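Here is how the chains run, residue by residue.
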Amino acid sequence: MSNTVKVFIAALIVAACLSPFASSFPDGLERVAEDKGFLEKGEGKEVITSPIPDYTFPGVRNGVLATSTAGVLGTVLTFGAAYGLGKLVRKKEN
Amino acid sequence: MHIPDGFLDTKTWVSTYALSAGALAYSIKKSKEVLEDKLIPKLGIMAAFIFAAQMVNFPIAGGTSGHLLGAALATVLLGPVSGCLILSTVLVIQCLAFQDGGLTALGGNIFNMAVLGVITAYLVYSLLAKVIPGTTGRNISIFLASWSSVVVAAFGATVELAASNTIPFSVAFPAMIGIHMLIGIGEGLITVAVVNFVEKVGFVDATAKSKSGVKTNV
């Protein structure tokens, strides 16, 4: 197995197996927004509606599975996007 | 620290979009000079790994969590130009597909994490890795580069929130910096562990690293 594939598999394992057990505490910015009273400035202000909000795959009842699925999908999607970008911005052969 | 819609006023989000567009244009130009074909899969895989790792929030003190930023990780392994492109890709996917970070705040989020975070990681790492020798020295340099990248990115967010009159700078600064100095410790530990892991499996060879602009053979 190629060395780069091992890292991709590690990414998929993290997305599938670790992401459902992520801490649900607010992150640093959310904590500050809550404590300092400006969290509501962001409520209902979303400009777009994303297909998989909050890393929960819609329609999947089981919460662990919904997060896992979203994680794996996002990981593959991100790989594709960055790979595609790489193809566009690579060094041109002379 | 993904800023949602509603936190930044128009002048701030337009300015940060312009700054990020400039930084991305520069990265793309540079990339076309240095990015070799064999590095393209690594660009994709590093972005995928950072996306996955960013989902895993770890608890820190006071009912707060943090997650990996990955700016130092990408920069140490693949250089600042690829680092900026990788982080930007992750942020765009998170914003469009997962509602993580607002569309109006995307310029700000890219500027804080993919530009400020990457530049800070690059500067701190390339300065320290020269000064502190050996494997331990390299790990210390990676840790401090990671820690600083999170704190400086948080500083960027603080300035943008204050410029938007969302929160006064004097209130935001100690709160944002304090919390991200803690989150930065997690960033440092994870980055050191992941860099050592991916180098052990042979993800990046030395030539690739020197060509991407990061000197690690010190």
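Notes on the structure follow.

1. Looking at the overall build of chain A
- Of regular secondary structure, chain A possesses three helices and zero strands.
- Ordering the α and β elements of chain A from the N terminus gives α-α-α.
- Taken against the 2.2 N^0.38 rule, which gives 12 Å for 94 residues, the C-alpha radius of gyration of chain A at 18 Å runs more than 25% over that of a compact globule.
- Along the first, second and third principal axes, the C-alpha atoms of chain A reach 55 × 35 × 25 Å.
- Across the 94 residues that make up chain A, the buried fraction comes to 35%.
- By sequence separation, contacts in chain A at least 24 residues apart represent 49% of the contacts at least 6 residues apart.
- Surface exposure of chain A reaches about 5500 Å², of which carbon and sulfur atoms provide 60%.

2. Quick look at the overall build of chain B
- Secondary structure summary: chain B contains eight helices and two strands in total.
- Its helices and strands taken in sequence order, chain B reads α-α-β-β-α-α-α-α-α-α from the N to the C terminus.
- Computed over C-alpha atoms, the radius of gyration of chain B comes to 17 Å, within 12% of the 17 Å expected from 2.2 N^0.38 for 218 residues, which places it in the range of a compact globule.
- C-alpha atoms of chain B, sized along the principal axes, occupy 45 × 35 × 30 Å.
- Counting every position in chain B, which comprises 218 residues, the buried fraction comes to 61%.
- In chain B, the proportion of contacts linking residues at least 24 apart, taken out of those at least 6 apart, comes to 76%.
- For chain B, the accessible surface area stands at approximately 7600 Å², while carbon and sulfur atoms represent 72% of it.
- Taking the average place of the 12 positive charges on the side chains of chain B and the average place of its 10 negative ones, the gap between the two points comes to 11 Å.

3. Overview of the interface of chain B and chain A
- Counting residues at the interface gives 64 residues for chain B, matched by 58 residues for chain A.
- Of the roughly 5200 Å² buried between chain B and chain A, counting both surfaces, carbon and sulfur atoms make up 73%.
- The largest per-residue losses of area from chain B upon contact with chain A belong to B:Met55, B:Phe98 and B:Gln99, which jointly make up 14% of the total buried on that side.
- Here chain B and chain A share one salt bridge between them.
- With a shortest N-O distance of 3.3 Å, B:Asp37 and A:Arg90 are connected by a salt bridge.

4. Brief notes about the packing of aromatic side chains
- Within the structure shown, the criterion is met by ten aromatic pairs over all chains.
- By the ring-pair criterion, three or more aromatic residues cluster together here, those being A:Phe8, A:Phe79 and A:Tyr83.
- Sitting above the plane of the B:Phe203 ring, B:Lys42 keeps its charged end 5.7 Å from the centroid.

5. Let's talk about the layout of surface pockets
- The calculated volume of the largest pocket comes to roughly 930 Å³.
- Elements supplying a minimum of two residues to the lining of the largest pocket: α2 (28-35) and α3 (63-89) of chain A together with α4 (80-98) of chain B.
- If one sorts the elements of the lining of the largest pocket by residue count, α2(A) sits on top with three residues.
- In terms of residue class, the lining of the largest pocket is made up of 16 nonpolar, 15 polar and seven charged.

Analysis parameters
Residues numbered from 1 in each chain as written. Chains lettered and ligands numbered in written order. Predicted model: local features only at pLDDT ≥ 70, side-chain atom pairs only at ≥ 80, totals over all residues. Heavy atoms only, no water. Helix = DSSP H or I, 4+ residues; strand = E, 2+ residues; numbered from the N terminus. Rg over C-alpha atoms; globule rule 2.2 N^0.38 Å. Buried < 20%, exposed > 50% of the residue type's maximum accessible area, 1.4 Å probe, protein only. Contact = heavy atoms within 4.5 Å. Areas by Shrake-Rupley, 256 points an atom, 1.4 Å probe, with all protein chains shown as cover. Lys, Arg positive; Asp, Glu negative; His and termini not counted. Charge placed at Lys NZ, Arg CZ, Asp CG, Glu CD. Buried area = accessible area lost by both parts, 1.4 Å probe. Salt bridge = Lys/Arg side-chain N within 4 Å of Asp/Glu carboxyl O. Phe/Tyr/Trp six-rings, centres within 6.5 Å; stacked < 30°, edge-to-face > 60°. Lys NZ or Arg CZ within 6 Å of the ring centre and 35° of its normal. 1 Å grid on protein atoms, 1.4 Å probe; cavity = no way out; pocket = protein on both sides within 12 Å on 5 of 7 lines; lining within 4 Å. Points joined across faces, edges and corners; volume = space filled by probe spheres on them. Nonpolar A, V, L, I, M, F, W, Y, C, P; charged D, E, K, R; others polar.

Limitation: the analysis is restricted to geometry and does not speak to function.
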